[in-house]
Amino acid sequence: FIFSRYQIHTGLQHSIIRPRQPNCLPLHQVTLPQKLQEAGYATHMVGKWHMGFYKKDCLPTRRGFDTFLGSLTGNVDYYTYDNCDGPGVCGFDLHEGENVAWDLAGKYSTILYSQRVSHILAAHNPQQPIFIYIAFQAVHTPLQSPREYIYPYRNMGNVARRKYAAMVTCMDAAVKNITRALKKYGYYDNSIIIFSSDNGGQTFSGGSNWPLRGRKGTYWEGGIRSLGFVHSPLLKMKRRSSRSLMHITDWYPTLVTLAGGNISETEELDGYDMWPSISEGKESPRTEILHNIDPLYNLAKSGSLEEGQEIWNTAIQASIRVKDFKLLTGDPGYSDWIPPQTLTNFPGTWWNLERHTDGARKSVWLFNITADPFERYDLSAQKPEIVKELLLRIAYYNHTAIPVRYPNEDPRGNPELNGGAWGPWASEDEDEEENWINGHLKNANKKKKCKICKLRSFFRKLNTRIMSNRI
């Protein structure tokens, strides 16, 4: 949401940023709130950051937000705000600005965050434009909810699903309260509300993606397809559903353009301005999505360059969508279809789960997602020409990727060494790591551009042919 770059263009294409890793969003890349500040907006963030904090320069208040209330890590307790990154490596994680907010512990985070948004709106002048990014924890683990929200679901036999439903209901109430505040304080008529999930559900922690295949952390539709909505009096076409192709990177150019900001050609964005498609129902400018390329993920045993038609090593985990078709290579992750209520503590769990065992024997899959969104019919053997075209697209994107940024954990990040709380541990004059990010990667990109300029030209011409004549 904050960037308009694919993971491969940030160095964050592998896994997540661990709490003790000296890693964060690349500091040389401009964020959405920074762009909105340039356009005259007040910017506020409430909720879960989880984009790195080893240096103060990585914190939300240094990346474009005027204020911040929330957690820096990704898995905190909803009441105590404690988080453990392994046995004995635990710390408190609730921050107000750049300070630890010890005094705010005890209140359920979903409620705390919605109340903070209401306070921001009450104190702000509606005549000045404002951007508020609210990143609820819900519905991430640990599964916790206030008792009053669990009671309506007390007859659910599945304990995890019961808690999950309660957490969603509490989040729904928070969204309602924020919308009421927008109306109460005079913002609503000129506001745009965007609700967006970040990934599919974790099926063994109360989530359900049925009838989609897979779960959170996979490249199957159950892991990457997310629902969302846009609500605004400014929409020209209301009360409609859209199946247009859209990616998270599209929010950056969409919102910056709406705010009257400037998008520089030098930014090399991967996103598109989607407002005409959202508001007026116009055709989406996006025809493809690179889901990711992760060279550090476990290589598929059956994959090879030969399997990838001498274009791409199919042992590498990658996935791309081009118009109707989606290609997956390597190990896409847990590949079963999990019907509702086949989760923890529910009778018959393992008997109801649909097993799919070809993952160990395959390294290439092709699906027509428009006709088969549930990914039940692999077309890779029937349509080798389309497989080849999508493999070429993956190879092209891979030549634009920067090296993976996944450093070893730093023992100085242990909260015991920082007063018992998670927070920055590297000094501000300790810029060796950042020099590597800003210097080494930029130089690598320059060298890479020189080496592959002819190859890129070839791929561009090939892509034009593909888009116009084939898929």
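For the structure itself, consult the block above.
Attention here is on the structure that accompanies the text. If you're wondering where the values come from, they're calculated on a predicted model, not measured in any experiment.

1. Section: the overall build of the protein
Counting secondary structure elements, the protein contains ten helices and 13 strands. Evaluated residue by residue, the protein yields a buried proportion of 50% over its 471 residues. As displayed, the protein offers around 22500 Å² of accessible surface, 51% of which is attributable to carbon and sulfur atoms.

2. A few points about the side chain of T10
Position of T10 among the secondary structure elements: in the segment before helix 1 (32-38). For T10, the side chain forms a polar contact with the main-chain oxygen of Q7, separated by 2.9 Å. Here the side chain of T10 touches L12 through a polar contact of 3.2 Å, landing on its backbone nitrogen.

3. Observations concerning the nonpolar core
Ranked by size, the top nonpolar core spans 35 residues in total, and within it Y81, L94, L112, Y113, L121, F136 and L182 carry the most contacts. Elements that contribute at least two residues to this core include exactly strand 1 (42-48), helix 2 (109-123) and helix 4 (159-184). Take this core: its biggest share by element is eleven residues, from helix 4. With near-sequence residues (within four places) excluded, L94 lies in contact with L69, G70, S71, Y81, N99, V100, A101, L104, A105, L112 and Y113. Core analysis: the next-biggest nonpolar cluster, separate from the first, contains 27 residues, L32, L36, L59 and F68 among them.

4. Digging into the packing of aromatic side chains
As enumerated under the stated definition, the model contains 14 aromatic pairs in all. Summarising the aromatic geometry, the rings of Y78 and Y108 are spaced 5.3 Å apart at their centres and angled 20° between planes, so their arrangement reads as stacked. One end of the pair, Y78, is in the loop between strand 2 (67-71) and strand 3 (82-84); the other, Y108, is in the loop between strand 6 (99-100) and helix 2, and 30 residues separate them in sequence. The class for Y78 is buried, based on a relative accessible area of 0%.

What counts as what
Residues numbered from 1 in each chain as written. Predicted model: local features only at pLDDT ≥ 70, side-chain atom pairs only at ≥ 80, totals over all residues. Heavy atoms only, no water. Helix = DSSP H or I, 4+ residues; strand = E, 2+ residues; numbered from the N terminus. Buried < 20%, exposed > 50% of the residue type's maximum accessible area, 1.4 Å probe, protein only. Areas by Shrake-Rupley, 256 points an atom, 1.4 Å probe, with all protein chains shown as cover. Polar contact = N/O pair within 3.5 Å; in protein donor to acceptor, adjacent residues only side chain to side chain. Core = buried A, V, L, I, M, F, W, Y, C linked by side-chain atoms within 4.5 Å. Contact = heavy atoms within 4.5 Å. Phe/Tyr/Trp six-rings, centres within 6.5 Å; stacked < 30°, edge-to-face > 60°.

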